[in-house]
2 protein chains.
Amino acid sequence: MKKNGDKALLPAGLQDLLMPAAAHEAEVVRRLIDCFSSEGYDRIKPPLLEFENALLSGAGETLSNQIFRLMDPTSHRMMGLRADITPQVARIAATRLQKTARPLRLCYGGDVLQVTGSQLRPERQFTQVGGELIGVTSDAADAEVIVAAASALENVGVKDLSVDINLPTLVPAIAADLSIEPDLARDLRVALDRKDAAEVEALAGKHATLFLKLLHAAGTAEEILSFARTLDLPGTARREIDRLVAVVELVRVQAPKLTVTLDLVEHRGFEYHTGISFIFFAKGVRGELGRGGRYNSVSVDNIVEPATGFTLFMDTVLRALPKPKIARRIFLPFGTRREESGAFRAQGWITISGLEPVKDDRAEALRLSCSHLLEGGHIHELGTN
Amino acid sequence: MKKNGDKALLPAGLQDLLMPAAAHEAEVVRRLIDCFSSEGYDRIKPPLLEFENALLSGAGETLSNQIFRLMDPTSHRMMGLRADITPQVARIAATRLQKTARPLRLCYGGDVLQVTGSQLRPERQFTQVGGELIGVTSDAADAEVIVAAASALENVGVKDLSVDINLPTLVPAIAADLSIEPDLARDLRVALDRKDAAEVEALAGKHATLFLKLLHAAGTAEEILSFARTLDLPGTARREIDRLVAVVELVRVQAPKLTVTLDLVEHRGFEYHTGISFIFFAKGVRGELGRGGRYNSVSVDNIVEPATGFTLFMDTVLRALPKPKIARRIFLPFGTRREESGAFRAQGWITISGLEPVKDDRAEALRLSCSHLLEGGHIHELGTN
């Protein structure tokens with residue numbers, strides 16, 4: 001029921017959720033947010049539309065091309081439809097919640113709009129659920145957001161969940177430690193991402209041995225943590241790895257059933273991240289269920305705070321879940337008293353009240369997709385539904 | 001916490017909901033929708049943005065000036081941000097749900113955006129929850145939507161709820177029955193709305209007695225139903241009144257505690273309504289909690305179906321409710337195992353995990369607005385919070 005049947009009626013990438021998909025999405029969003037709330041993440045709800053500059057602060061800059069822009073007839077300033085909620089959270093943290101004690105735990109659930117879909121993901125409206133942990137740099141904070149997101153996903157029924165933990169700051173740290181100049185460092189990073197050994201060797205020069213090793217820096221947590229011990233790393237880079245080891249250890253203690261993989265080099269999609277980052281996958285499910293990591297929470301007036309957080313993508317999360325159960329629907333013939341229909345609802349039934357007398361209540365109940373019929377004070381289960 | 005403290009940061013009429021307001025709104029929306037779902041109203045979720053013409057069909061036309069418009073870079077067609085959800089429901093009913101059995105019961109909860117706020121209501125983003133009952137004309141249908149909306153409002157805790165039932169089609173029916181020409185009929189209607197007796201008398205001519213009586217056609221259900229019996233009404237108008245009597249009777253039987261008032265003449269805000277309409281109020285609460293009534297569900301390709309429905313305005317609904325209860329928050333010192341924190345959450349606690357060792361856990365718990373502290377395996381209630 002999810003895809004749009006009459007495509008011409010809606011712009012590309014925008015769709016109606018019908019029954020039971022819309023109710024299912026709302027239910028899963030609620031349950032995820034209930035999990036985050038119970039871990040102290042307070043729900044906030046920024047507006048769908050705000051001044052453009054606030055949406056572009058910090059990591060928001062990466063989505064600049066994706067923001068629908070509108071002139072505000074009141075202020076004559078440009079506004080944008082949010083393409084991401086994290087920059088709004090940064091604004092709120094730096095202004096109205098500036099004096100609230102840190103660490104600040106916030107969560108949200110809502111829709112974002114983007115100007116163009118991608119080939120892989122043609123949608124232009126997404127439902128996102130996320131959490132941000134602001135004002136704290138400890139290892140335990142990095143572990144908390146990973147474990148909180150993973151537990152919530154498992155709690156709503158995602159099976160075979162795995163998290164791929166990334167360290168997008170490692171290669172820049174090595175380059176800085178080795179005094180590799182920035183342009184060369186960037187080219188090296190791109191070559192590493194492309195797994196282009198010849199290019200890596202050519203660019204790395206006397207450091208080729210180390211950088212060529214990094215081509216193989218993705219795999220299970222066990223493999224990569226052993227591998228990392230074999231790397232001859234300069235000071236800052238070694239500290240990055242030590243921190244990773246500590247966080248992975250915390251995650252494994254707190255979420256022993258979660259599959260953890262590591263990738264020390266990947267940086268695509270993590271351009272604004274300042275430390276440990278991660279992506280959630282579920283076995284057999286196309287796409288990412290969510291992602292996040294450490295970043296600087298930058299408000300529109302350039303208040304900067306260390307932060308980590310995650311965003312879950314509801315379209316993928318819903319694909320990872322079994323279909324929702326259909327509730328029992330009972331047809332109550334015309335004239336059934338409201339006390340009686342209310343008693344059914346109180347027991348969890350969906351009641352469908354007849355609004356006119358009909359010749360055949362049973363046929364009417366079937367026509368209205370009911371599973372049961374009230375007849376002469378008795379509940380009849382209907383054969384087909 | 002609801003109003004915007006740093007006004008300059010957000011465009012006028014747009015605001016952040018913080019804690020606990022955002023969670024409270026989401027919870028009340030959920031409970032309202034649960035009520036409607038249990039009466040067979042299936043939840044749907046149309047997109048925030050769609051082609052402009054679909055938003056302008058039927059009653060959508062009244063909000064034409066309130067729609068933010070955007071060019072779709074993909075189709076090069078104009079899109080609009082929805083200012084109302086009912087036209088989207090009409091589109092869905094006429095297309096993807098065209099073959100679904102009638103009556104079709106649908107509900108929704110979501111945000112709408114409007115270009116300008118009013119003096120009374122400066123907001124430009126509203127959360128609306130609504131239900132539509134499409135494809136049925138019976139008295140029981142009109143009563144069902146009134147009673148369903150009223151029960152849901154009472155269920156979430158609205159006290160002293162009343163519904164003002166209106167019959168915006170009565171004056172046009174009288175005018176048509178009496179062959180009063182359309183321009184004169186419209187002037188009469190405006191004069192009646194303004195309660196301008198002199199103008200009504202002048203315009204009504206030989207029918208002045210009847211129209212002057214209508215100046216007093218607002219009051220309690222008892223008063224106005226007796227009053228209506230004294231009116232010497234032509235055929236169609238009499239049938240409108242008979243229908244009103246039948247619907248009011250059904251509402252009073254099904255919702256005996258609901259205060260019902262009637263207004264036979266008011267038509268402002270009901271320009272697109274085709275029969276019995278209504279507005280919900282709560283004693284002592286400024287503004288309407290919701291409104292609705294009978295209308296023609298008109299899709300963008302002019303498929304027309306009889307319908308009735310309602311929209312609830314969450315800002316006013318929340319003003320009518322007591323403040324949400326604050327959950328117990330317990331501070332769990334750094335190093336508390338996740339099994340232990342999970343056990344607290346399973347019992348309904350909000351857990352705040354320490355992310356670093358601190359000198360004084362009690363002071364830290366207080367600083368983080370916790371009501372309780374776990375210390376040496378025991379729960380301590382904290383004096384101040």
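Residues numbered from 1 in each chain as written. Chains lettered and ligands numbered in written order. Predicted model: local features only at pLDDT ≥ 70, side-chain atom pairs only at ≥ 80, totals over all residues. Heavy atoms only, no water.

*Asks:* I'd love a proper account of the interface of chain A and chain B, names of residues and values included.
*Replies:* Between chain A and chain B, the residue contacts involve 87 residues of the former and 86 residues of the latter. Summed over both sides, the interface of chain A with chain B buries roughly 7100 Å², with 61% coming from carbon and sulfur. For the pair chain A and chain B, the interface holds 14 salt bridges. Taking the shortest distance from any N to any O, the salt bridge between A:Arg124 and B:Asp72 comes out at 2.9 Å. (Contact = heavy atoms within 4.5 Å. Buried area = accessible area lost by both parts, 1.4 Å probe. Salt bridge = Lys/Arg side-chain N within 4 Å of Asp/Glu carboxyl O.)

*Asks:* Report on the environment of B:Asp263, specifying residues and quantitative values.
*Replies:* Residue and element names in this part refer to chain B. Relative to the elements of secondary structure, Asp-263 occurs in strand β9 (residues 259-263). You can call Asp-263 buried: its relative accessible area is 9%. Taking the C-alpha atoms as reference points, Asp-263 and Asp-164, separated by 99 residues in sequence, lie 6.9 Å from one another. Setting aside residues no more than four positions away along its own chain, Asp-263 makes contact with Asp-164, Ile-165, Asn-166, Leu-167, Ala-217 and Ala-218. At 3.0 Å, the side chain of Asp-263 and the backbone nitrogen of Glu-266 are in polar contact. (Helix = DSSP H or I, 4+ residues; strand = E, 2+ residues; numbered from the N terminus. Buried < 20%, exposed > 50% of the residue type's maximum accessible area, 1.4 Å probe, protein only. Polar contact = N/O pair within 3.5 Å; in protein donor to acceptor, adjacent residues only side chain to side chain.)

*Asks:* Describe the relation of the copies chain A and chain B, naming the residues involved and giving the relevant values.
*Replies:* With an RMSD of 0.0 Å, the fit of chain A onto chain B corresponds to turning through 180 degrees and sliding 0.0 Å along the axis. Viewed as a symmetry operation, the transformation between the two copies matches a two-fold axis. Closest approach to the rotation axis within chain A is made by the C-alpha atom of A:Leu70, at a distance of 3.6 Å. The residues that chain A uses at the interface reappear at the interface of chain B in 99% of cases, marking a shared surface. (Least-squares fit on C-alpha atoms with pLDDT ≥ 70 in both.)

*Asks:* Explain the pairing of strand β6 (residues 125-134) of chain A to me, using residue names and the numbers behind them.
*Replies:* A regular strand places its side chains so that they alternate between the two faces of the sheet. Residues and elements named next belong to chain A. Burial runs high along β6: 10 of the 10 residues are buried. Of the two faces of β6, the one carrying Gln-125, Thr-127, Val-129, Gly-131 and Leu-133 and the one carrying Phe-126, Gln-128, Gly-130, Glu-132 and Ile-134 are both buried. With 10 bridges connecting them, strand β5 (residues 104-113) and β6 associate as antiparallel partners. Paired with Val-112 across the bridge in β6 is Phe-126. Taken together, the 7 bridges between β6 and strand β12 (residues 304-313) define a ladder with antiparallel strand orientation. Paired with Gly-130 across the strands is Thr-311, a residue of β12. (Pairing = 2+ DSSP bridges.)

*Asks:* Lay out the sheet that holds strand β13 (residues 329-332) of chain B in plain terms, naming residues and giving numbers.
*Replies:* Residues and elements named next belong to chain B. In spatial order, the strands read β14-β13-β15-β16; together these 4 strands make up an open sheet with mixed pairing. The open sheet terminates on both sides in strands that have one partner only, identified here as β14 (350-353) and β16 (378-381). Averaged over all pairs of adjacent strands, the angle between their axes in this sheet comes to 30 degrees, without regard to strand direction. Here strand β15 (residues 372-375) pairs with β16 via 4 bridges, running antiparallel. (Axes fitted to C-alpha atoms, helices over the stretch in contact; angles between N-to-C directions.)

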